[in-house]
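Read off the chains here:
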Amino acid sequence: MSELTHLDDDGRARMVDVGGKPVTRRVAIAEGRLDTTAEVVGLVRSDGLKKADVLPTARIAGIQGAKRTSELIPLAHIVPLDAVSIDFGFDEAAITIRATVSTTARTGIEMEALTAVAVAGLTLHDMVKAVDPAASLGGVRLVEKRGGKRGVWRADDAGATGADAAHADEPTDAAPSRRAVVLVSSTRAAAGTADDTTGPVIAAWLAERGLEPGAPRVVADADLPEALRQAVAESPAVILTTGGTGVNPSDRTPEATRAVLDQELPGVAEAIRAAGRGATPTAALSRALAGVAGRTVVVNLPGSRGGVHDGLAVLADLLPHLLDQVAGGDHAPRPRHPRHPEDGPSHAAHGVAAGTASGEADRLEHGGAPHA
């Protein structure tokens, strides 16, 4: 049989039967660029074109294009979309386009991401053609896809097409990344009206364990989704977020996290909540998530110093084993030692006790909600 799955044994076009595939979360990222002039870029950025609202119009067009992909691409399946985001960037004489599309389905979402970029780019061309009819849309390509039987595929990692690209997501013998990212979701800290009291604590904790976190990235609550997407695209070993996990209308960290995860780890998030509840009942209000995006471990921590202390106490035992497993390590169990009543409280209990001793004031750093 031909290796092209859209052809049958006789070479005729067909729609692939995906009925036997499992339903999994899938994400695809595509990009492209509109090459134009520096003048046009300046007009778009300043909203100075006669056809105003250039970027919002192109963004809506890209989202609509993703939704209509099955009507434009003959053999594409009708796929329920979980989310579509279109982001624009600027070079000196070009506008870059990036689409991130996600679904929970039996088949991939690559065509929806590529169609979103193409339609957004064509709309940009329509908006600027009066000034630059020679503007050129190009470079439309798949950047990354996650989910399904191949797991994670990234164009930059592949560095090739064909057979090499097909195996780009398979485990290698290369040393696992030690990079880490700390994301602080705090509108006040991002605006400079409050100090970031949790990010440095997390960064120091990661560094003590041989990871390379760099400086914490402090963003407003509304900017957290894009900052998280960018962090995941960098493929660090770990991303720890702090803040934005409560029920305040501006708290969007769990939603942004779920959009990038390939696998959720509910036991990790619940263990962190349980540790917090030992110090304050309001820890039960946390909506924090934990999981894996590609080969990156992502964990939401609360926005208070006490909540962060409790969460890190839980991760102290879990993170090394989790990183080993994500990197392809074996499942050999660690030695277990029987406990006796006279042994005293567990390490987790010590972490909770220490969190309690730090004082309830430490749990009220971001908006007055402990563990949010």
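Owing to the predicted nature of the structure, the values given are computational and were not obtained by experimental measurement.

> Help me out: how do you make sense of the overall build of the protein chain in this one?
Helices and strands together make up the secondary structure of the protein chain, namely 13 helices and 11 strands. Counting only residues that meet the buried cut, the protein chain has 42% of its 372 residues in that class. Taking the contacts inside the protein chain whose residues are at least 6 apart along the sequence as the reference set, 74% of them involve residues at least 24 apart. For the protein chain, the accessible area works out to roughly 18600 Å², and carbon and sulfur atoms hold 55% of it.

> When you look at the packing of helix H11 (residues 266–277) against helix H12 (residues 305–326) in this model, what are you seeing that I'm missing?
Packed helix pairs are characterised by how far apart their axes lie and by the angle those axes make with each other. One way to put it is that H11 packs onto H12 with a least axis distance of 8 Å and a crossing angle of 135°. Considering their axes alone, H11 and H12 lie oblique with respect to each other. When the axes of H11 and H12 are compared, the crossing they make is right-handed. When H11 is examined against H12, the residues Val268, Ala271, Ile272, Ala275 and Gly276 are found in contact with a partner set consisting of Asp310, Gly311, Val314, Leu315 and Leu318. Split into classes, the residues belonging to the contact of H11 with H12 amount to 7 nonpolar, 2 polar and 1 charged.

> It is not clear to me how the side chain of Ser185 should be interpreted in this structure. Could you clarify?
You can see Ser185 is positioned in strand E6 (residues 180–185). Among the residues examined, Ser185 registers a relative accessible area of 5% and is labelled buried. One polar contact links Ser185 to Asp221, side chain to side chain, over a distance of 2.8 Å. Residues in contact with Ser185, not counting those within four places in the same chain, are Val219, Asp221, Leu224, Thr242, Gly243, Gly244 and Thr253.

> Teacher, can you tell me more about the sheet that holds strand E1 (residues 24–35) here?
The strands that make up a sheet are held in pairs by hydrogen bonds between backbone atoms, and each pair lies either parallel or antiparallel. With antiparallel pairing, 5 strands are arranged side by side in an open sheet as E2-E3-E1-E4-E5. Looking along the sheet, the strands with just one partner apiece sit at the ends: strand E2 (81–91) and strand E5 (152–154). With strand direction ignored, the average angle separating the axes of adjacent strands in the sheet is 20°. For E1 and strand E4 (residues 136–146), the ladder comprises 8 bridges, and the chain directions are antiparallel. Paired with Val27 across the two strands is Arg146, which belongs to E4. Helix H4 (residues 110–128) rests against E1, E2, strand E3 (94–105) and E4 of the sheet, and its axis sits at about 25° to E1. With respect to the sheet, helix H10 (residues 253–260) is in contact with E1 and E4, its orientation differing from that of E1 by roughly 90°.

> For this particular structure, what's the right way to read the side chain of Thr36?
Take Thr36: it is sitting in the loop between E1 and helix H1 (38–45). Owing to a relative accessible area of 13%, Thr36 belongs among the buried residues under this scheme. Separated by 2.7 Å, the side chains of Thr36 and Asp132 make a polar contact. Thr36 has contacts with Val41, Ala93, Ala94, Asp132 and Ala135, leaving out every residue within four places of it along the chain.

> I would appreciate a short explanation of H11 in the present structure.
Because the α-helix completes a turn every 3.6 residues, residues three or four places apart line up on one side. Taking 1.5 Å of rise per residue, 12 residues should cover 16 Å, and H11 covers 16 Å from first to last C-alpha, within 8% of that figure. Of all the residues in H11, the buried ones are Val268, Ala269, Ile272, Arg273, Ala275 and Gly276. In a view along the axis of H11, the buried residues occupy a sector of 160°, so they form one face of it. Exposed side of H11, more than 90 degrees from the buried face: Pro266 and Gly267 are the residues found there.

> Can you help me understand unusual backbone geometry in this one?
Among all residues except glycine, the phi angle is most often negative; among peptide bonds, the trans geometry is most common. Here the phi dihedral of Asp47 falls at roughly 55°; this positive angle occurs in a residue that is not glycine. Along the chain, Asp47 falls in the loop between H1 and helix H2 (54–67). For Ser235, which is not a glycine, the phi torsion comes out positive at approximately 55°. By secondary structure assignment, the location of Ser235 is in the loop between helix H9 (224–233) and strand E8 (238–242). Judged by its relative accessible area of 24%, Ser235 falls in the partly exposed class.

> Sorry if this is basic, but what is going on with the pattern of salt bridges here?
When the charged atoms of two side chains lie near each other, side chains of opposite charge can form a pair. Going through the model one piece at a time under the given rule, you end up with 20 salt bridges. Among the salt bridges present, the one from Glu208 reaches Arg209, with a minimum N-O distance of 3.5 Å. Overall, Arg209 belongs to the partly exposed group, its relative accessible area being 37%. Arg258 serves as the salt-bridge partner of Glu264, at 3.2 Å between the closest nitrogen and oxygen. Look at Glu264 and you get partly exposed, because its relative accessible area is 38%. Looking at Arg258, the relative accessible area reads 40%, which means it is partly exposed.

> Sorry if this is basic, but what is going on with the pairing of E6 here?
If a strand is regular, its side chains alternate between the two faces of the sheet. Counting buried positions along E6 yields 6 of 6 residues, so the element is predominantly enclosed. Side chains Ala180, Val182 and Val184 of E6 all project onto a buried face; the interleaved residues Val181, Leu183 and Ser185 project onto the opposite face, where all are buried too. Relative to E8, E6 is paired through 5 bridges, and the arrangement is parallel. When the sheet's bridge partners are listed, Ala180 is paired in E8 with Val238. Where E6 meets strand E7 (residues 217–219), 3 bridges bridge the pair, whose relative direction is parallel.

> Please clarify how the sheet that holds strand E11 (residues 296–301) should be interpreted in this entry.
Taken in spatial order, the 6 strands of this open sheet run E7-E6-E8-E11-E10-E9, and their pairing is mixed. In the strand order of this sheet, the two ends are held by E7 and strand E9 (263–264), each with one partner. Across 4 bridges, strand E10 (residues 290–293) lies against E11 in antiparallel orientation. The partner of Val292 across the bridge, within E11, is Val297. Its contacts with the sheet put H10 on E6, E8, E9, E10 and E11, and the angle it makes with E11 is roughly 165°. This element, H12, spans E8, E10 and E11 of the sheet and lies at about 170° to E11.

Definitions and cut-offs
Residues numbered from 1 in each chain as written. Predicted model: local features only at pLDDT ≥ 70, side-chain atom pairs only at ≥ 80, totals over all residues. Heavy atoms only, no water. Helix = DSSP H or I, 4+ residues; strand = E, 2+ residues; numbered from the N terminus. Buried < 20%, exposed > 50% of the residue type's maximum accessible area, 1.4 Å probe, protein only. Contact = heavy atoms within 4.5 Å. Areas by Shrake-Rupley, 256 points an atom, 1.4 Å probe, with all protein chains shown as cover. Axes fitted to C-alpha atoms, helices over the stretch in contact; angles between N-to-C directions. Parallel < 35°, antiparallel > 145°, perpendicular 65-115°, else oblique. Left-handed = near helix turned anticlockwise from the far one by under 90°. Nonpolar A, V, L, I, M, F, W, Y, C, P; charged D, E, K, R; others polar. Polar contact = N/O pair within 3.5 Å; in protein donor to acceptor, adjacent residues only side chain to side chain. Pairing = 2+ DSSP bridges. Expected span 1.5 Å × (residues − 1). Arc of directions from axis to C-beta. Salt bridge = Lys/Arg side-chain N within 4 Å of Asp/Glu carboxyl O.

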